[in-house]
Amino acid sequence: MIETQHLNVQPALKRPDDFYNALVDMHRDLSEEQSQLANAKLILLLANHIGDEATLEEALKIATEGLN
Amino acid sequence: MLQSHQNPVYEFVHSSDQDAPTPVHHPVIIVGAGPVGMAAGLDAAKQGIAALILDDNNTVSIGSRAVCYAKRALEVLDRLGCGQRMVDKGITWNLGKVFFRDDQVYSFNLLPEADHERPAFINLQQYYLEEYMVDQINQQETVELRWKSRVTQVEEKANHVQIQVETPEGEYTLTCDYLLVGDGANSGIRKMMGLESSGQVFQDRFLIADVVMETDFPPERWFWFDPPFHKGGSTLLHRQADNVWRIDFQLGWDADPEEEKKPENVIPRLKAMLGEETEFELEWTSVYTFQCRRMEKFRHGRLLFIGDAAHQVSPFGARGANSGIQDTDNLLWKVKLVLDGKAPDTLLDSYDEERVYAADENLLNSTRSTDFITPKSPVSNTFRNATLLLAEEYPFARTLVNSGRLSLPSVYHSSSLNTADEDEFDSNMVPGTPSTDAPVNESDWFLRVIGNNRFNGLFFAEQDGTISEANRNLLTTLANSDDIAINILIVGLTADQTLPNGMVRLADNKGLLTERFDGKPGTFYLFRPDQHIAARWRALDQQKIAAALNRATGRS
């Protein structure tokens, strides 16, 4: 587990089930390639909204934790 | 193919050095008469160093090659006497447009703030720059260019370098204090010395086509990602002088370079792009691959590597020739001080320090551009396309689009030659920065005034347009030093005030010089001969200035 100083890893969504459903639902009618593109756009939009490199770096680290 | 330009042929000329019983000595010998080698020669002449340039060829660049010259390179070329011809002949452009598939994604304007003499960029074929440089060299008494002269051996001795030169009339030997190696990306001397330039080879091929056409396309930089006329690749369009247009097509690694550059294969690509009805003539084609790499050190004893021989970048961002010209801008004033015994030989280590730093900045930028333009994995391709799709409507994504981060001069933030700020300034002219420009006097420019190959000091007079007796004496001492005299410029002195001995009055009629340097009364800036800022203070202090000058010349 990675200790974070900037990234909030405690529950923050008021209706987590709704968001999770919307996230999966976003891909419903998309091809594999379109899904990849939608995910990439989503990441770029959210990263810009967060707008803080230190926070994003922590998220990048956690995202690949245990994968390699 | 059509030729809008005839390359001159320069004759081999017999030199008396060939007949000398013992090797003739030259303070500085430069290998390679490309833009960077010739910039070194011209800079040597400006500094008052006798220099000899040797080139194994007998003409200028074949094909247009480096076509984008950035503001800072033009300012250096102004100091070397070639800037105005470049700007007069070149195409000034500020607007860049980026397209993705069928749509324009966004446009950008490079135009920086107003009231600078030189534009952000001009486009001009490399052979013109080289011709202007040859002309300029031929007007100098202290720099000589010898064609058809190949350096076949280099030997570093205890206190000089000995080289062997091969000519149509046989070989001869020369010696020099310093050998400046500017023989290009595949530097023969670098190999001869067993030195490496290491980095990344990009597995991609690009086709360059120079076409001559009469068209009403505006002088803009147009960049296409995955356009309908060249699916899967990228394409770049640039206007050059004489109605010549540069078009680059990304071909991919599997393309056959010999096949691709044949007119029968190039012309259909051009027709698809320009439209069947557009009339054009093909002038020059070339297929290139590129590397992003540098030597570990640019200085090896008495050998100093400059330009592509030292560092090589991808073409995206125009960081090749532009950074090479900044190499010699950095180097020659240092060589002069060392040859004159006014600075220790270790001052030349700062060339390595500062220009390796700059090369790393250029490599980083050009590698990132290359990765964006030619994604190397499916996921990087997905992010690239996602960015381009968003950029059309969402401004944030435009900052992520990277079709080349165009050449800007490095700020030597952490250079050992800088004296750190101890006062507060509301100006980004921090030590290590190349000076900004501003209009001064009647239709003159600040960078012209300090383009005198000397240390310059800029002093802002008191609010009432006077200068105190103590400051007057101090500045007079600096201006008339027997050691390294500083050319003193004074801003804001009223007309009735007499000018201290050895100093120049500067009129800042628009107030921009004062604004850009945050020139409150009493402020003093010290500039190196390459116009980078060495130090700045809010008040004059003789000891501090002396210490900063020592630091900037490697004496402490």
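Residues numbered from 1 in each chain as written. Chains lettered and ligands numbered in written order. Predicted model: local features only at pLDDT ≥ 70, side-chain atom pairs only at ≥ 80, totals over all residues. Heavy atoms only, no water.

## Observations regarding the overall build of chain B
(1) Moving on: Secondary structure summary: chain B contains 15 helices and 26 strands in total.
(2) Moving on: For 556 residues, the compact-globule estimate of 2.2 N^0.38 gives 24 Å, and chain B sits close to it at 25 Å.
(3) Moving on: Considering chain B as a whole, with its 556 residues, one finds that 59% of them fall into the buried category.
(4) Moving on: For chain B, contacts bridging at least 24 residues in sequence account for 72% of all contacts bridging at least 6. (Helix = DSSP H or I, 4+ residues; strand = E, 2+ residues; numbered from the N terminus. Rg over C-alpha atoms; globule rule 2.2 N^0.38 Å. Buried < 20%, exposed > 50% of the residue type's maximum accessible area, 1.4 Å probe, protein only. Contact = heavy atoms within 4.5 Å.)

## Looking at the domain arrangement of chain B
Residue and element names in this part refer to chain B.
(1) Moving on: As far as domains go, chain B holds domain 1 (24-89 + 123-198 + 292-369) and domain 2 (439-552).
(2) Moving on: Once you take the C-alpha centre of each, domain 1 and domain 2 turn out to be 31 Å apart.
(3) Moving on: The interface is formed by 15 residues belonging to domain 1 together with 13 residues belonging to domain 2.
(4) Moving on: Approximately 1,200 Å² of surface area, both sides summed, lies buried where domain 1 meets domain 2, with 46% of it carried by carbon and sulfur atoms.
(5) Moving on: For the domain 1 face of the interface with domain 2, the top three residues by lost area are R79, W333 and K342, together amounting to 43%.
(6) Moving on: For the pair domain 1 and domain 2, the number of links is two salt bridges.
(7) Moving on: With a shortest N-O distance of 2.8 Å, R528 and E354 are connected by a salt bridge.
(8) Moving on: On the surface where domain 1 and domain 2 come into contact, there are eight residue pairs in polar contact (both at pLDDT 80 or more). (Domains from an automatic or database assignment. Buried area = accessible area lost by both parts, 1.4 Å probe. Salt bridge = Lys/Arg side-chain N within 4 Å of Asp/Glu carboxyl O. Polar contact = N/O pair within 3.5 Å; in protein donor to acceptor, adjacent residues only side chain to side chain.)

## Here we look at the packing of helix α8 (residues 321-339) of chain B against helix α9 (residues 349-373) of chain B
Residue and element names in this part refer to chain B.
(1) Moving on: Following both chains from N to C, one finds α8 and α9 inclined at 170°, their axes separated by 10 Å at the closest point. Our classification of the angle between α8 and α9 gives roughly antiparallel. Here α8 runs over α9; the crossing is right-handed. Residues S323, Q326, D327, N330, L331 and K334 of α8 lie in contact with α9, whose contacting residues are S350, Y351, E354, R355 and N362.
(2) Moving on: Taken together, the residues of the contact of α8 with α9 break down into two nonpolar, five polar and four charged. (Axes fitted to C-alpha atoms, helices over the stretch in contact; angles between N-to-C directions. Parallel < 35°, antiparallel > 145°, perpendicular 65-115°, else oblique. Left-handed = near helix turned anticlockwise from the far one by under 90°. Nonpolar A, V, L, I, M, F, W, Y, C, P; charged D, E, K, R; others polar.)

## Remarks on the UniProt feature "domain: FAD-binding" (unreviewed entry) in chain B
(1) Moving on: The UniProt record annotates "domain: FAD-binding" (unreviewed entry) at residues 27-361 of chain B.
(2) Moving on: Secondary structure across residues 27-361 of chain B divides into 29% helix and 35% strand, with the first and last C-alpha atoms of the span separated by 31 Å. (UniProt positions renumbered as here; feature names shortened; annotations may be inferred.)

## Considering the interface of chain B and chain A
(1) Moving on: With nine residues of chain B in contact, the opposing surface of chain A contributes eight residues.
(2) Moving on: At the boundary of chain B with chain A, total buried surface from both sides reaches about 830 Å², with 90% on carbon and sulfur atoms.
(3) Moving on: Contact with chain A buries surface across chain B, with F383, L390 and F396 of chain B losing the most and accounting together for 53% of the total.
(4) Moving on: At the junction of chain B with chain A, the criterion picks out zero salt bridges.
(5) Moving on: Connecting chain B to chain A are zero residue pairs in polar contact (both at pLDDT 80 or more).
(6) Moving on: A total of seven residues in the side of chain B that touches chain A trace back to one element, the largest contributor, which is helix α10 (residues 378-391) of chain B.
(7) Moving on: Considering only residue class, the side of chain B that touches chain A consists of six nonpolar, three polar and no charged.

## Quick notes on helix α3 (residues 53-64) of chain A
(1) Moving on: The first and last C-alpha atoms of α3 of chain A sit 17 Å apart over 12 residues, in line with the 16 Å expected at 1.5 Å per residue.
(2) Moving on: Looking at the residues trailing α3 of chain A, positive phi occurs at G66 of chain A, about 80°. (Expected span 1.5 Å × (residues − 1).)

## A closer look at the side chain of R472 of chain B
Residue and element names in this part refer to chain B.
(1) Moving on: Counting through the fold element by element, R472 comes out in helix α13 (residues 469-479).
(2) Moving on: Buried charge without a partner: R472 forms no salt bridge, and the closest opposite charge is E469, 4.6 Å away.
(3) Moving on: At 3.1 Å, the side chain of R472 and the backbone oxygen of T498 are in polar contact. (Lys, Arg positive; Asp, Glu negative; His and termini not counted.)

## As for the environment of D327 of chain B
All names here are of chain B.
(1) Moving on: With respect to the helices, strands and loops of the structure, D327 is situated in helix α8.
(2) Moving on: Relative accessible area serves as the criterion here: at 0%, D327 is assigned to the buried category.
(3) Moving on: Each C-alpha atom of the pair D327 and A40 lies 8.6 Å from the other, and the pair is 287 residues apart in sequence.
(4) Moving on: If we ignore the near neighbours within four places in the chain, the residues touching D327 are I306, G307, H311, Y351 and R355.
(5) Moving on: At a separation of 2.7 Å, a polar atom in the side chain of D327 contacts the side chain of H311.

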